[in-house]
Amino acid sequence: MPKRILIGTVTSDKTDKTVTVKVERKVKHPLYGKIIRRSKKYHAHDENNEFAMGDTVRIEETKPISKTKTWKVVDRVIAGGTQAVEADLEVEAAGN
């Protein structure tokens, strides 16, 4: 049986060797037909603590690692988190 692979966003990396990944999917409401978002959080194994909050990662189903962990992080799809914006101080000073 093939292993399931999901893509989600890391919402917590506080625990050791574990990240919490939020996976969102879109489903059609059975009566009204509106597309709505459903989300679920999974605990995934991160051996080297290399993934941070905001990263979009791919997780793969594995045998149970602990009571709540049955997924492991395969790789990073997009690096997220806070990005530093570089200010161009020379141009601002020359404009005055």
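Structure first, text after, so check above.
Residues numbered from 1 in each chain as written. Predicted model: local features only at pLDDT ≥ 70, side-chain atom pairs only at ≥ 80, totals over all residues. Heavy atoms only, no water.

**What to know about the overall build of the chain**
A tally of helices and strands in the chain yields 1 helix and 5 strands. Looking at the chain as shown, the accessible area adds up to about 7700 Å², and 52% of this sits on carbon and sulfur atoms. (Helix = DSSP H or I, 4+ residues; strand = E, 2+ residues; numbered from the N terminus. Areas by Shrake-Rupley, 256 points an atom, 1.4 Å probe, with all protein chains shown as cover.)

**Some words on the pairing of strand E1 (residues 5–12)**
Two strands pair when backbone bridges link them, and E1 and strand E4 (residues 56–61) are joined in this way by 5 bridges, in the antiparallel orientation. Bridging from a neighbouring strand, Ile-5 pairs with Glu-60 of E4. Bridge count for E1 against strand E2 (residues 18–28) is 3 bridges, and the pairing is antiparallel. Following the sheet pairing, Thr-9 is matched in E2 by Lys-22. Here E1 hands over to E2 after 5 residues, with Lys-17 in that stretch at a positive phi of 60°. (Pairing = 2+ DSSP bridges.)

**A word on the side chain of Thr-20**
Mapped onto the secondary structure, Thr-20 falls in strand E2. Apart from residues no more than four positions distant in its own chain, Thr-20 is found in contact with Thr-9, Val-10, Thr-11, Ser-12, Lys-41, Tyr-42 and His-43. (Contact = heavy atoms within 4.5 Å.)

**A word on the environment of Leu-6**
With respect to the helices and strands, the residue Leu-6 is situated in strand E1. In the structure, Leu-6 is positioned 18 residues away from Glu-24 in sequence and 9.5 Å away in space, judged by C-alpha atoms. Setting aside chain neighbours within four positions, we find Leu-6 in contact with Val-23, Tyr-42, Val-57, Arg-58, Ile-59 and Trp-71.

**Description of the nonpolar core**
Within the largest apolar cluster, 11 residues are counted, these being Val-10, Val-19, Val-21, Val-23, Tyr-42, Ala-44, Phe-51, Val-57, Ile-59, Trp-71 and Val-73. Going through the elements one at a time, E2, strand E3 (35–45), E4 and strand E5 (69–78) are the ones with two or more residues in this core. No other element matches the 3 residues that E2 contributes to this core. Beyond its immediate chain neighbours, meaning those up to four positions away, Val-57 contacts Leu-6, Ile-7, Gly-8, Val-10, Val-21, Phe-51, Val-73, Asp-75, Arg-76 and Val-77. (Core = buried A, V, L, I, M, F, W, Y, C linked by side-chain atoms within 4.5 Å. Buried < 20%, exposed > 50% of the residue type's maximum accessible area, 1.4 Å probe, protein only.)

**Considerations on the side chain of Lys-69**
The residue Lys-69 is located in strand E5 in this model. Buried within the structure, Lys-69 lacks any salt-bridge partner; its nearest side chain of opposite charge belongs to Glu-47, at an N-O separation of 7.4 Å. In this structure the side chain of Lys-69 is engaged in a polar contact, spanning 3.0 Å, whose partner is the side chain of His-45. Excluding its chain neighbours within four sequence positions, the residues that come into contact with Lys-69 are Lys-17, Thr-18, His-43, Ala-44, His-45, Lys-63 and Pro-64. (Lys, Arg positive; Asp, Glu negative; His and termini not counted. Salt bridge = Lys/Arg side-chain N within 4 Å of Asp/Glu carboxyl O. Polar contact = N/O pair within 3.5 Å; in protein donor to acceptor, adjacent residues only side chain to side chain.)

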